[in-house]
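Observations on the three-dimensional arrangement
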Amino acid sequence: MSVVLQGLEKRYGSHAAVQDLSLEVADGELFVLLGPSGSGKSTVLRMVAGLVDIDAGRVLLHGRDVTDLPPQRRGVGIVFQHYALFHHMSVAENIEFALRIRGIPASDRRLRRDELLELVDLAGLGARMPAHLSGGQQQRVALARALAHKPDVLLLDEPFGALDARIRAELRRAIRGIQKELGVTTI
């Protein structure tokens with residue numbers, strides 16, 4: 001199993017955002033969390049990513065207990081609903097960011113960036129700034145950035161929420177194709 005959650009719990013004061021959640025996601029699977037607003041979906045993803053402390057339970061990724069590891073040591077890529085792109089950086093710089101902070105040489109960063117721009121159908125747009133892209137293009141940049149360091153698990157937090165219906169359908173197909181091509185476990 002790629003992802004195993006055992007008895008996860010998270011409370012905010014007296015409110016239980018996540019209560020005794022256990023689940024397993026197989027290698028290469030696309031797993032979807034469904035529920036109404038406020039049901040804890042984003043909190044679960046943030047606990048898996050290590051962005052929110054866990055009150056109880058464990059997170060195992062590929063058989064490795066990562067519950068107490070910092071986000072950068074979990075092997076997870078995450079795409080947020082509102083993209084979280086660095087607006088002062090070009091598309092290329094956004095995609096290379098995770099590689100740069102990991103000390104990857106510039107030539108290797110450029111090669112990976114170009115592969116990803118091709119993969120997400122944005123080849124030739126590396127010099128553009130995020131503000132000069134459509135919402136769908138920005139989401140593709142966020143996806144490429146999340147995939148740059150070749151994560152074992154990809155987390156998508158309401159990736160289509162800010163897009164219109166046509167773009168949402170296009171991007172859903174594109175992400176599914178990319179996920180299948182790469183074989184990355186995705187929640």
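Preceding this paragraph is the structure being described.
Let us look at the structure shown here. The model shown is predicted, which means the values in this text are computed figures rather than measured ones.

1. Points about the pairing of strand E2 (residues 15-25)
- Two strands pair when backbone bridges link them, and strand E1 (residues 3-12) and E2 are joined in this way by 7 bridges, in the antiparallel orientation. Bridge pairing in E2 links Leu-8 to Leu-21.
- In sequence, E1 turns back onto E2 through a hairpin of 2 residues, with Gly-13 there showing a positive phi of about 65 degrees.

2. Topic: the nonpolar core
- Counting 27 residues, the largest nonpolar core has Val-79, Ile-95, Val-141, Leu-143, Leu-147 and Leu-154 as its most contacted members.
- Looking at which element gives the most residues to this core, the answer is helix H4 (residues 135-147), with 6 residues.
- Those residues in contact with Leu-154 that lie beyond four places of it in its chain are Gly-77, Val-79, Leu-143, Ala-146, Leu-147, Val-184, Thr-185, Thr-186 and Ile-187.
- With 23 residues, the next largest nonpolar core counts Leu-5, Leu-8, Val-153 and Leu-155 among its residues.

3. Digging into the pairing of strand E6 (residues 153-156)
- Residues Val-153 and Leu-155 of E6 are buried on one face, and the alternating residues Leu-154 and Leu-156, pointing to the opposite face, are buried as well.
- For E6 and strand E7 (residues 185-186), the ladder comprises 2 bridges, and the chain directions are parallel. What sits directly across from Val-153, in E7, is Thr-185.

4. Digging into the sheet that holds strand E3 (residues 56-61)
- Taken together, the 4 strands give an open sheet; going across it, the order is E2-E1-E3-E4, and neighbouring strands pair in antiparallel fashion. The sheet is open, and its two borders are formed by E2 and strand E4 (64-65), each paired with just one other strand.
- Bridge analysis of E1 against E3 gives 5 bridges, and the strand direction is antiparallel. Bridging from a neighbouring strand, Leu-5 pairs with Val-59 of E3.

5. Quick notes on the packing of H4 against helix H5 (residues 165-182)
- Look at H4 against H5: their axes get within 11 Å of each other, and the N-to-C directions meet at 20 degrees. Between H4 and H5, the angle falls in the class roughly parallel. When you trace H4 past H5, the crossing you get is right-handed. Of the residues in H5, those in contact with Gly-136, Gln-139, Arg-140, Leu-143 and Leu-147 of H4 are Ile-167, Leu-171, Ala-174, Ile-175, Ile-178 and Leu-182.
- For the contact of H4 with H5, the class distribution of residues is 8 nonpolar, 2 polar and 1 charged.

Parameters and conventions
- Residues numbered from 1 in each chain as written.
- Predicted model: local features only at pLDDT ≥ 70, side-chain atom pairs only at ≥ 80, totals over all residues.
- Heavy atoms only, no water.
- Pairing = 2+ DSSP bridges.
- Helix = DSSP H or I, 4+ residues; strand = E, 2+ residues; numbered from the N terminus.
- Core = buried A, V, L, I, M, F, W, Y, C linked by side-chain atoms within 4.5 Å.
- Buried < 20%, exposed > 50% of the residue type's maximum accessible area, 1.4 Å probe, protein only.
- Contact = heavy atoms within 4.5 Å.
- Axes fitted to C-alpha atoms, helices over the stretch in contact; angles between N-to-C directions.
- Parallel < 35°, antiparallel > 145°, perpendicular 65-115°, else oblique.
- Left-handed = near helix turned anticlockwise from the far one by under 90°.
- Nonpolar A, V, L, I, M, F, W, Y, C, P; charged D, E, K, R; others polar.

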